[in-house]
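Here's the letter readout for the chains.
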Amino acid sequence: MTVRLRFAPSPTGRLHLGNIRTALVNWLYARKAGGELLLRIDDTDAERSKPEHAAAIEADLTWLGLGWDQFARQSDRMARYAEVVAGLKSAGRLYPCFESPEELELKRKLALSRGRPPIYDRAALKLSAAEIAALTAQGIAPAWRFKLEPGAIRWHDLIRGDVHFEAEHLSDPVLVRPDGVPVYMLASVVDDLDFAVSHVIRGEDHVANTAVQIQLFETLGGPVPVFGHFSLIADAAGEKLSKRAGASSIEDLRADGVEAMAILSLLAKLGTSDPIELRPDLATLVAEFDIAKFGRNRPKLDMAELDLLNAKLMHALPYAAVSSRLPAGATEAFWLAVRANLTRGSDAGDWWQVVTGPVTPLIDEPEFIAAAAALLPPEPFDATTWSSWTAAVKAATGRKGKDLFLPLRHALTGRGHGPELATLLPLIGRERAMARMGGGVA
RNA sequence: GUCCCCAUCGUCUAGAGGCCUAGGACACCAGCCUUUCACGUUGGUAACGCGGGUUCGAAUCCCGCUGGGGACGCCA
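Residues numbered from 1 in each chain as written. Chains lettered and ligands numbered in written order. Predicted model: local features only at pLDDT ≥ 70, side-chain atom pairs only at ≥ 80, totals over all residues. Heavy atoms only, no water.

### Topic: the protein's contact with RNA strand B
Here is step 1 of the chain: Not every one of the 55 residues close to RNA strand B is listed here, only the nearest: Thr44, Arg48, Glu99, Gly115 and Gly418.
Here is step 2 of the chain: In RNA strand B, atoms within 4 Å of the protein come from the sugar-phosphate backbone in 72% of cases.
Here is step 3 of the chain: In the environment of RNA strand B, a phosphate oxygen lies 2.5 Å from a nitrogen or oxygen atom belonging to the side chain of Thr44.
Here is step 4 of the chain: Note that a sugar or linking oxygen of RNA strand B is positioned 3.5 Å from one of the side-chain N or O atoms of Arg160.
Here is step 5 of the chain: Of all the secondary structure elements, the ones that give two or more residues to the surface near RNA strand B are α4 (101-113), α7 (207-219), α11 (303-315) and α17 (401-413).
Here is step 6 of the chain: At four residues, the largest contribution of residues to the surface near RNA strand B is made by α4.
Here is step 7 of the chain: Among the residues forming the surface near RNA strand B, the class breakdown is 19 nonpolar, 16 polar and 20 charged. (Near = heavy atom within 4 Å. Polar contact = N/O pair within 3.5 Å; in protein donor to acceptor, adjacent residues only side chain to side chain. Helix = DSSP H or I, 4+ residues; strand = E, 2+ residues; numbered from the N terminus. Nonpolar A, V, L, I, M, F, W, Y, C, P; charged D, E, K, R; others polar.)

See the structure below:
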């Protein structure tokens, strides 16, 4: 049997770190097993789904290097779902419900206030044929629920081990809306069956769904896939992933100069027993991947950790990998000079301004800076200019160490820290250097 | 409220009764290197949520408590 996994996002927004983790784990599992990955766009909810989001999801995955072997879109498969629904109806597993959403909401609140689980009370099951006919005659279209069989539902979860649910604790799920459109619960199972999905790996927010879906798989006569539910990630404070931490879109991170491998390294290791370290490529991640390394704790995702990994990546990133994203005019020499001081690619712009100006110099001691300026050699500048110049300044003023170098750095860059001046000075050039040492903005 | 899950250094975790005066990685601190940052290197600080039990012995098993999370949608 071919190992086949799927990543099934709903195109209701951009991909964020939480989504990507699901995509990555499925991708890694498929690759490790020599299997295939299906990208399925779960867009049965027409109101919330947007085609542009689907396109963006594909673009984001492609940028990350997470390719797929097959592609499907649920909105293309409505006829197939209708066929399955007809079968379920004739098998007596679907029953019509005429309650309005408001009515159901009220029932839930009532149950909750009485200390009862807010599951559907199956009132519709008690409707007589005459009552159903009457309701239908009034023009009320019913939603169709799947009648769950009572009893225990068990499966062996790749991450959680043996799991079991009592069907009595679950609500009969609506499978078809009054307008005839199937709900995710149904479409997902039909697709998993039709595309021969062998493993379903998703967040733990789906465990109860899995119990319901197992009955659906069995009812539809198909093989039940292997399931795995990993715990959801929290932000650094242990709270639900928010915009601030983690939920920012991949698109934004990318625009900010966060590299794919930094994101991938973090997400592949977070919550596993492997150390969270920058890994060189996806192949390494595949080699190291083992679903058994995932724990059941709820890991915290700290954006500072992402920055740490990205900074490490930046420090060794070749010019060719970034040249197109650098400010116009930025050269390889510039990149090599500043990359060790970057956290995100977008930081390069700040140093570009330090090189090209305008920079407001910090003149700590005008006399010393004037003396140094007088000794600045003529152009051309090269890699040795800095050391020969500072040696001359040292000889003339008797200064050394921090007293010698920090005032010069302040005057030349306006900052107290930054890339090595030996490499920066030739980029700044004599004209700007002289202007800044004179106290001018340049 | 009901059902399910979780609880070890700041963080991710190892630990399946004695091998644990609890190991690793990252972060942090200090030394070395260094004009800054970074890199490298050496060393260091730092954790079993609480209370009962079982046992000769518990981070490990059981119960309770506390704390956290998920689910309970005509969303996915």
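### Regarding helix α2 (residues 51-64)
Helical geometry note: an α-helix holds 3.6 residues per turn, so side chains three or four residues apart project in the same direction.
Here is step 1 of the chain: A rise of 1.5 Å per residue sets the reference length of α2, with its 14 residues, at 20 Å; its end C-alpha atoms lie 20 Å apart and thus fit the reference within 8%.
Here is step 2 of the chain: Taken as a whole, α2 has its buried residues at Ala54, Ala56, Ile57, Asp60, Leu61 and Leu64. The buried side chains of α2 occupy one side of the element, clustering within an arc of 160° when seen end-on. Residues Pro51 and Thr62 are exposed on α2 and point more than 90 degrees away from its buried face.
Here is step 3 of the chain: Here the buried face of α2 lies against β1 (4-7), α1 (17-32), β2 (36-41), α8 (250-255), α9 (260-269) and α10 (282-288). (Expected span 1.5 Å × (residues − 1). Buried < 20%, exposed > 50% of the residue type's maximum accessible area, 1.4 Å probe, protein only. Arc of directions from axis to C-beta. Contact = heavy atoms within 4.5 Å.)

### A short note on empty space enclosed by the protein
Here is step 1 of the chain: Applying the stated criterion across every chain, the model contains four cavities of 30 Å³ or more.
Here is step 2 of the chain: For the largest cavity, the calculated volume is near 50 Å³.
Here is step 3 of the chain: As for the largest cavity, its lining consists of Leu28, Ala268, Lys269, Thr272, Asp274, Leu285, Glu288, Phe289, Asp290, Lys293 and Phe294.
Here is step 4 of the chain: Residue classes in the lining of the largest cavity are distributed as five nonpolar, one polar and five charged. (1 Å grid on protein atoms, 1.4 Å probe; cavity = no way out; pocket = protein on both sides within 12 Å on 5 of 7 lines; lining within 4 Å. Points joined across faces, edges and corners; volume = space filled by probe spheres on them.)

### Re the domain arrangement of chain A
Here is step 1 of the chain: Taken domain by domain, chain A consists of domain 1 (4-73 + 183-233), domain 2 (80-176), domain 3 (250-318) and domain 4 (324-437).
Here is step 2 of the chain: Computed from C-alpha coordinates alone, the two centres of domain 2 and domain 3 are separated by 41 Å. (Domains from an automatic or database assignment.)

### Examining the sheet that holds β1
Here is step 1 of the chain: What the three strands build is an open sheet, ordered β1-β2-β3; its pairing is parallel. Whereas interior strands pair on both sides, the edge strands pair on one side only; in this sheet they are β1 and β3 (70-73). Across the sheet, the mean angle from the axis of one strand to that of its neighbour is 25°, orientation sign disregarded.
Here is step 2 of the chain: The strands touched by α1 within the sheet are β1 and β2, with β1 carrying the most contacts at an inclination of about 165°. (Pairing = 2+ DSSP bridges. Axes fitted to C-alpha atoms, helices over the stretch in contact; angles between N-to-C directions.)

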